[in-house]
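Next come the chains, spelled out residue by residue.
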Amino acid sequence: MKARVRRSVRATPQETSRTLPGDELIERPIGSFDHAITIRRPRHDVWPWLAQMGAGSRAGWYSYDFLDNGRQPSAECIRPDLKHLAVGMIFPALPDVTDGFTLLAFEPERFLVLGWKAPAGTCLMTWAFVLEGADDGSTRLIVRVRGGPEYRFHRLPWWASKFIVKVVHFIMQRKQLLGIARRAELPAMSTSGERQEAA
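Here's what I pulled together on the structure shown here. All values derive from a computational prediction rather than experimental measurement.

So, the overall build of the protein
Okay, so step 1: Across its full length, the protein holds four helices and six strands.
Okay, so step 2: Secondary structure elements of the protein, listed N to C terminal, follow the sequence α-β-α-α-β-β-β-β-β-α.
Okay, so step 3: For the protein, the proportion of its 199 residues judged to be buried stands at 44%.
Okay, so step 4: At a minimum sequence separation of 6, the contacts of the protein that also span at least 24 residues come to 59%.

Overview of the packing of aromatic side chains
Okay, so step 1: The full count for this structure, using the stated rule, is seven aromatic pairs.
Okay, so step 2: Relative to Tyr 62, the ring of Trp 49 has its centre 6.0 Å away and its plane inclined at 75 degrees; by these criteria the two rings are edge-to-face. With a gap of 13 residues between them, Trp 49 in helix H2 (residues 43-51) and Tyr 62 in the loop between H2 and helix H3 (65-68) connect regions that are remote in the sequence. Considered together, Trp 49 and Tyr 62 belong to a single accessibility category, that of buried residues.
Okay, so step 3: Seen from their ring centres, Trp 127 and Phe 129 are 5.0 Å apart, and the 50 degrees between their planes marks the pair as tilted. For the pair shown, Trp 127 and Phe 129 are each scored as buried.
Okay, so step 4: It is Arg 58 that lies over the ring of Phe 91; its NZ or CZ is 4.5 Å from the centre.

Some details on the nonpolar core
Okay, so step 1: Judged by nonpolar contacts, the single largest core of 36 residues is most densely connected at Leu 112, Leu 114 and Leu 141.
Okay, so step 2: Counting residues per element, the ones that place at least two in this core are strand S1 (31-39), H2, strand S3 (100-107), strand S4 (111-117), strand S5 (123-133), strand S6 (139-147) and helix H4 (158-185).
Okay, so step 3: Non-local contacts of Leu 114, meaning those with residues more than four positions away in its chain, are made with Met 53, Trp 61, Phe 91, Phe 101, Thr 102, Leu 103, Leu 104, Met 125, Thr 126, Trp 127 and Phe 129.

With respect to the pairing of S6
Regular strands have side chains that alternate between both faces of the sheet.
Okay, so step 1: Judged by how many residues are buried, S6 sits mostly within the fold: nine of nine residues are covered.
Okay, so step 2: The alternating pattern of S6 places Thr 139, Leu 141, Val 143, Val 145 and Gly 147 and Arg 140, Ile 142, Arg 144 and Arg 146 on opposite faces, both of which are buried.
Okay, so step 3: When S1 meets S6, the two strands line up antiparallel, connected through nine bridges. By the bridge assignment, His 35 is partnered in S6 with Val 143.
Okay, so step 4: Summarising the sheet, S5 and S6 pair through nine bridges and their orientation is antiparallel. From the neighbouring strand, Glu 132 faces S6, where its bridge partner is Arg 140.
Okay, so step 5: Between S5 and S6, which pair antiparallel one after the other, the connecting turn spans five residues, and Gly 137 there sits at a positive phi close to 90 degrees.

Things to note about the pattern of salt bridges
Okay, so step 1: Inspection of the entire model under this criterion finds 12 salt bridges.
Okay, so step 2: The partner of Arg 140 in a salt bridge is Glu 15, and the shortest N-O contact between them spans 2.8 Å. Here the residue Arg 140 occupies a position in strand S6, and Glu 15 occupies one in helix H1 (residues 13-17), the gap between them amounting to 125 residues.
Okay, so step 3: Arg 140 sits in the buried class, given a relative accessible area of 18%.
Okay, so step 4: Residue classification places Glu 15 among the buried residues on the basis of a relative accessible area of 9%.

What to know about unusual backbone geometry
Okay, so step 1: In this structure, Arg 71 takes a positive phi of about 70 degrees despite not being glycine.
Okay, so step 2: Its location among the elements puts Arg 71 in the loop between H3 and strand S2 (90-92).
Okay, so step 3: Here Arg 71 falls in the exposed class, since its relative accessible area comes to 67%.
Okay, so step 4: Here the phi dihedral of Asp 96 falls at roughly 60 degrees; this positive angle occurs in a residue that is not glycine.
Okay, so step 5: Classification of Asp 96 as exposed rests on a relative accessible area of 84%.

Calculation notes
Residues numbered from 1 in each chain as written. Predicted model: local features only at pLDDT ≥ 70, side-chain atom pairs only at ≥ 80, totals over all residues. Heavy atoms only, no water. Helix = DSSP H or I, 4+ residues; strand = E, 2+ residues; numbered from the N terminus. Buried < 20%, exposed > 50% of the residue type's maximum accessible area, 1.4 Å probe, protein only. Contact = heavy atoms within 4.5 Å. Phe/Tyr/Trp six-rings, centres within 6.5 Å; stacked < 30°, edge-to-face > 60°. Lys NZ or Arg CZ within 6 Å of the ring centre and 35° of its normal. Core = buried A, V, L, I, M, F, W, Y, C linked by side-chain atoms within 4.5 Å. Pairing = 2+ DSSP bridges. Salt bridge = Lys/Arg side-chain N within 4 Å of Asp/Glu carboxyl O.

Limitation: the analysis is restricted to geometry and does not speak to function.
Structure, rendered in structure tokens:
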């Protein structure tokens, strides 16, 4: 039996130092975290999994469902009813809530930027998902979270919550990236509900 290969979600120094879509929305962040994963599928196979994210009536966050999706399993297939996006729409953070992450910007198969807005309309934080294709047909998914000057974790001051945020974010983000990669790399699902062999 082959040992399971532990996939890295570490962003490269080049990825962490470069400008990504959404960076302009928070010019001077008080914190920024970058993670990335290589997915063995082209961008057009990865994009639909990003487009349908969100809790409750959407496909889930592909992370720890008992924490962020009301114990409802995240989707294992693409849902055509969730493929249409519009700037300003809400990706619910949790089931049965009306607030959540606002879709701030997107370009199909290239990037999707979510954010959490303050009542005044400023961005408390941004969450960017960037897809970059490689010559071998794989996709590099780079994720960046940035906190604005007004961001607070459960109302704690930033200096007190920075370590907590970093640890919690890493745990949830790693699970999400691995969940997206696993789903995107599965053979396509036929209309009869049977798995088809990947090309």
